[in-house]
Amino acid sequence: RVREAVVSTQSTGKRFSIDDENLSFYDNPYYFANVHMKTGKLHNHWIDSLSAAFIGVQILHGDLEAAILHHAFFYGLWLKYDALPERYNWYHKKCEYALYPLRPEFAEATYLLYRATRHPFYLFVGEKIYDSIQMFNKAKCGYATLNSVLSKKQEDRMESFFLSETCKYLYLLFDQDNPLNKRSDFIFTTEGHLMRINRFVREKMTFFDKFDEPNTFKNISHLFSCEAFPRHRQMIPPFSDEFWSNLISFIDLKV
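The structure presented is a predicted model; accordingly, all values stated were derived computationally and were not measured.

**Student:** Residue-level account of unusual backbone geometry, with values.
**Tutor:** Unlike most non-glycine residues, D82 shows phi in positive territory, near 60 degrees. Within the secondary structure, D82 is located in the loop between α2 (64-81) and β2 (87-89). Notably, K93 is not glycine yet its phi reads approximately 60 degrees, a positive angle. Note on K93: relative accessible area 33%, which makes it partly exposed.

**Student:** Summarise the confidence of the model for the chain; cite the residues concerned and give the values.
**Tutor:** Predicted coordinates in areas of low pLDDT are best not read in detail. Confidence in the prediction of the chain, expressed as mean pLDDT, is 79, and 74% of residues score 70 or more. A low-confidence stretch, residues 1-25 stays under pLDDT 50, and its non-local contacts, those more than four residues away or across chains, total 54 contacts. The low-confidence segment residues 205-227, where pLDDT is below 50, has 27 contacts with residues more than four positions distant or belonging to other chains.

**Student:** A description of the packing of aromatic side chains should follow, citing residues and the corresponding values.
**Tutor:** Two measures describe an aromatic ring pair: the distance that separates the ring centres and the angle between the ring planes. A full pass over the atoms with the stated rule returns 20 aromatic pairs. Relative to Y100, the ring of W78 lies with its centre 5.7 Å away and its plane at 85 degrees, an arrangement referred to as edge-to-face. Here Y100 lies in the loop between β3 (94-97) and α3 (105-117) and W78 lies in helix α2, a separation of 22 residues in the sequence. Each member of the pair, W78 together with Y100, is buried. A ring pair is formed by Y169 and F188, whose centres lie 5.3 Å apart and whose planes are at 75 degrees; its orientation type is edge-to-face. Here Y169 is found in helix α5 (residues 160-174), whereas its partner F188 is found in strand β6 (residues 186-188), with 19 residues between them in sequence.

**Student:** Break down the pattern of salt bridges for me, with residues and values.
**Tutor:** According to the stated counting rule, one finds six salt bridges in the structure shown. The partner of R157 in a salt bridge is E155, and the shortest N-O contact between them spans 2.7 Å. Residue classification places R157 among the partly exposed positions, given a relative accessible area of 35%. Of the charged contacts in the structure, one is a salt bridge between D252 and K254, with a shortest N-O distance of 3.0 Å.

**Student:** Account for helix α4 (residues 121-136), naming residues and giving values.
**Tutor:** A rise of 1.5 Å per residue sets the reference length of α4, with its 16 residues, at 22 Å; its end C-alpha atoms lie 23 Å apart and thus fit the reference within 8%. Among the structural elements, α2, α3, β4 (138-139), β5 (142-143) and α5 are those in contact with the buried residues of α4.

**Student:** Please give an account of the packing of helix α1 (residues 54-61) against α3 that cites residues and values.
**Tutor:** Relative placement of two packed helices is described by the angle separating their axes and the distance separating the axes. Two numbers describe how α1 lies on α3: the axes approach to 9 Å, and their chain directions differ by 20 degrees. By the angle between their axes, α1 is roughly parallel relative to α3. When the axes of α1 and α3 are compared, the crossing they make is left-handed. Contact with α1, carried on its side by I55, G56 and I59, involves A109, L112, L113 and A116 of α3 and no other residues of that element.

Cut-off values and rules
Residues numbered from 1 in each chain as written. Predicted model: local features only at pLDDT ≥ 70, side-chain atom pairs only at ≥ 80, totals over all residues. Heavy atoms only, no water. Helix = DSSP H or I, 4+ residues; strand = E, 2+ residues; numbered from the N terminus. Buried < 20%, exposed > 50% of the residue type's maximum accessible area, 1.4 Å probe, protein only. pLDDT = per-residue confidence, 0-100. Contact = heavy atoms within 4.5 Å. Phe/Tyr/Trp six-rings, centres within 6.5 Å; stacked < 30°, edge-to-face > 60°. Salt bridge = Lys/Arg side-chain N within 4 Å of Asp/Glu carboxyl O. Expected span 1.5 Å × (residues − 1). Axes fitted to C-alpha atoms, helices over the stretch in contact; angles between N-to-C directions. Parallel < 35°, antiparallel > 145°, perpendicular 65-115°, else oblique. Left-handed = near helix turned anticlockwise from the far one by under 90°.

Put into structure tokens, the structure is as follows:
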């Protein structure tokens, strides 16, 4: 399974487990390293900002608590730099490529985690993303790429995916009454486009066989609105204090 490829700072043999009654999390930083495709051996010591997109895959797979831990790693990096560098070397605890072109993957993961958990923590994270962009990326005629997350020097360009994806996910995160947030008959592509879900794009058909018109969703969003976390768990912090303390130390975050 994918989660078995998780790298931690200690070889304790301790395994991540899901606890239905409380958040009993793996205490060490949770992230995915780059490995050689043929040997499975560690290939380098960096992760890139694009890999935050895998959090969305974990959420769609239903591996929510693993997604929470994975998201926390990128959140820690965001607190460290007020942005995500293109590459971060987790071994040397520093940027390997400091460019920040306003990529959407972290905002997307934050939006999806909030929709999946309804945990208010992710609204706070979204606000932090927004505030950082307003402070460091806002330019006279738009929002600029940062040449370096260290110097915060701006480049004279703004990528199109900032408007089509980054802004879209942040907007939807805070707009609770948006029609898109009240429907369950679509999924976002990796480029932020809407794709209708019907029986032809699903592997399992049993759910749709209950309806007379299996290719169409009509007023059935309530069937998908089950709470991912029981109400008594929604106000519990999304990760343990020990996990967060270890993560802060691992990425050398000054707090």
